[in-house]
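# Structural overview for review
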Amino acid sequence: MTDNVHNKQEILEKYREAGRILKTVRAEAVEMIRVGNPLLQVAEFVENRTIELGGRPAFPCNISRNQEAAHATPKIGDTDVFGKDMVKLDLGVHVDGYIADSAVTVDLSGNSDILKAAEEALAVAIDLAKPGISTGEIGAAIENSIRSYGLNPIINLTGHGLSEYEAHDDPAVPNRHVEGGAILKEGDVLAIEPFATDGAGTVHDGNWAEIYSLIRKKPVRMPAVRNVLKQVEEYRELPFAKRWLESDRLDFALLQLEKAGILHAYPVLLESTGGLVAQAEHTIIITHDGCEVTTK
């Protein structure tokens, strides 16, 4: 066996290990999502437990509720508690940069049909995934499955490829029918994530962000800004939470880094008509005759 093949196997094993850690953390965290429990407690549990089990967070624990589709994470000192919400728990784990990404919806709102639509669409997509199929075909299957419930897929959110220290790589995996698309091949690692909604099926940026990522390194003059940049560099290109940083001028420093094109902010994504959103997501590795789900 060549070194190259050995290396590929080692990499795949790291993806699998990330998936194993994620499954444990996800199952434990889901039990904490109950009316009256604090969101911050769940997010910190997910991130700390990931490290305890030998992984690292690939991005901050996302806890998005109701019309929030993605990119919501508790703020510093957050006091919010779960109500009768539709809760999306989206978590990522990496082992040496190789990522597992998975999301589940916990419905505390009494709208289980939206949850079922997202879960069924994910199952349909996973059944299709194999070498030679196009991401366009997978998107069409997701869309048809969700529409069969009388609901809409969120058409401007997609699944995505995963690579070393890259949580959103090519190819995009649409949640609707598109012509063409990328052809999957053995060894591809993807996160497939259908979103179902009783709203119009698009999202827009909210006016707040708690998640950022480093997009380029540049020198900065001000000591307060330099101090925050030094903390940020620890996460490489992976997203991080504002609450992970320490500075008495944090808002100012983040704004300066964003203005300088050093950081990218991820605003909370909101369903454009205020509809409820459910999400289901697994990470898969394309195998010679199908796919292996690392997060199931």
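See the structure above.
Here is a short report on the structure shown in this document. (Residues numbered from 1 in each chain as written. Predicted model: local features only at pLDDT ≥ 70, side-chain atom pairs only at ≥ 80, totals over all residues. Heavy atoms only, no water.)

### Here's the deal with the overall build of the protein chain
Threshold: Each helix is a run of DSSP H or I of at least 4 residues and each strand a run of E of at least 2, with the numbering of both proceeding from the N terminus. Radius of gyration: C-alpha atoms only; globule rule: 2.2 Å multiplied by the number of residues to the exponent 0.38. Working definition: with a 1.4 Å probe on protein chains only, accessible area under 20% of the residue-type maximum means buried, over 50% means exposed, and in between means partly exposed. A contact between two residues is defined here by any heavy atoms of the two lying within 4.5 Å. Computed with a 1.4 Å probe, the accessible areas rest on the Shrake-Rupley method; for each residue, only the protein chains presented here act as cover. Charged residues are defined here as Lys and Arg on the positive side and Asp and Glu on the negative side; His and the ends of the chain fall outside this count. To locate a charge, the coordinates of NZ of Lys, CZ of Arg, CG of Asp or CD of Glu are taken.
Assigned secondary structure in the protein chain consists of six helices and 15 strands. For the protein chain, whose C-alpha radius of gyration is 19 Å, the value lies close to the compact-globule estimate of 19 Å for 296 residues. Dimensions of the protein chain, computed from the C-alpha atoms along their principal axes, are close to 55 × 55 × 35 Å. Counting over 296 residues, the protein chain shows a buried share of 55%. When contacts within the protein chain are restricted to residue pairs at least 6 apart in sequence, those whose partners lie at least 24 apart make up 74%. A total of about 13200 Å² of accessible surface is found on the protein chain, and carbon and sulfur atoms cover 48% of it. In the protein chain, 30 side chains carry a positive charge and 45 a negative one; their mean positions are 5 Å apart.

### Observations regarding the packing of aromatic side chains
Going by this rule: In this scheme Phe, Tyr and Trp rings, the latter by its six-membered ring, pair at centre separations within 6.5 Å, and the angle between planes marks the pair as stacked below 30 degrees, edge-to-face above 60, and tilted otherwise. By definition, being over a ring means that NZ of Lys or CZ of Arg is both within 6 Å of the ring centre and within 35 degrees of the ring normal.
Inspection of every chain in the model, using the stated rule, returns four aromatic pairs. Between Tyr235 and Phe240, the aromatic rings sit 5.7 Å apart at their centres with planes inclined by 20°, giving stacked as the arrangement. Here Tyr235 matches Phe240 in class, with each residue buried. In textbook terms, an aromatic cluster arises when at least three aromatic residues are bridged by ring pairs, as seen for Tyr212, Tyr235, Phe240 and Trp244. Arg236 extends its terminal NZ or CZ atom over the ring of Tyr165, reaching a point 3.8 Å from the ring centre. Above the plane of the ring of Phe252 lies Arg249, whose end atom (NZ or CZ) is 4.3 Å from the centre.

### Section: the pattern of salt bridges
Pairing between side chains becomes possible if they bear opposite charge and their charged atoms approach one another. Using the following cut-off: Every case where a carboxyl oxygen of Asp or Glu lies within 4 Å of a side-chain nitrogen of Lys or Arg is listed as a salt bridge.
Enumeration over the complete set of coordinates arrives at 16 salt bridges. The shortest N-O distance in the salt bridge between Arg20 and Glu17 comes to 3.0 Å. Taken together, the residues Arg20 and Glu17, both in helix H1 (residues 3–30) and three residues apart, mark about one turn of the helix. You can call Glu17 partly exposed: its relative accessible area is 29%. Between Glu28 and Arg49 there is a salt bridge, with the nearest N and O atoms lying 2.7 Å from each other.

### Re the environment of Gly187
Turning to its location among the elements, Gly187 is positioned in the loop between strand E7 (166–174) and strand E8 (189–192). Considering only alpha carbons, one finds Gly187 and Thr287, 100 residues apart in sequence, at a separation of 6.2 Å.

### What about the nonpolar core?
Where a protein is soluble and globular, its nonpolar side chains tend to be buried together. In plain terms, the rule: To define a nonpolar core, start from buried Ala, Val, Leu, Ile, Met, Phe, Trp, Tyr and Cys residues and group those joined through side-chain atoms within 4.5 Å.
Counting 25 residues, the largest nonpolar core has Ile114, Ile138, Ile142, Ile192 and Ile284 as its most contacted members. Secondary structure elements with two or more residues in this core: helix H3 (112–128), helix H4 (135–147), E8 and strand E14 (282–286). The dominant element in this core, judged by the number of residues it contributes, is H3, at seven residues. Once residues lying within four places of it in the same chain are set aside, the contact partners of Ile284 are Ile126, Ala129, Asp188, Val189, Leu190, Ile192, Cys291, Glu292 and Val293. Membership of the second largest hydrophobic core comes to 22 residues, among which are Ile21, Met32, Phe82 and Val87.

### Some thoughts on the sheet that holds strand E13 (residues 277–279)
Under the convention used in this document: Strand pairing is assigned whenever DSSP identifies at least 2 bridges connecting the two strands.
If you trace the three strands from one edge of the open sheet to the other, you get E5-E9-E13, paired in antiparallel fashion. For this open sheet the edge positions go to strand E5 (152–153) and E13, each flanked by a neighbour on one side alone.

### Quick notes on the packing of H3 against H4
Our working rule: Fitted lines through C-alpha atoms give the axes, limited to the stretch in contact for helices. The angle between two N-to-C directions lies from 0 to 180 degrees. When an angle is under 35 degrees it counts as roughly parallel; over 145 it counts as roughly antiparallel; between 65 and 115 it counts as roughly perpendicular; any other value is oblique. It is the rotation of the near helix from the far one that decides the hand of a crossing: anticlockwise by less than a right angle makes it left-handed, clockwise makes it right-handed. Three classes are used: nonpolar for Ala, Val, Leu, Ile, Met, Phe, Trp, Tyr, Cys and Pro, charged for Asp, Glu, Lys and Arg, and polar for all others, with Gly counted as polar.
Closest axis-to-axis distance for the H3/H4 pair is 8 Å, and the angle between their directions is 150°. One finds that H3 runs roughly antiparallel with respect to H4. The interaxial crossing formed by H3 with H4 has right-handed handedness. On the side of H3, the interface is formed by Ala117, Glu120, Ala121, Val124, Ala125 and Leu128, while H4 contributes Glu137, Ile138, Ala141, Ile142, Ser145 and Ile146. For the contact of H3 with H4, the class distribution of residues is nine nonpolar, one polar and two charged.

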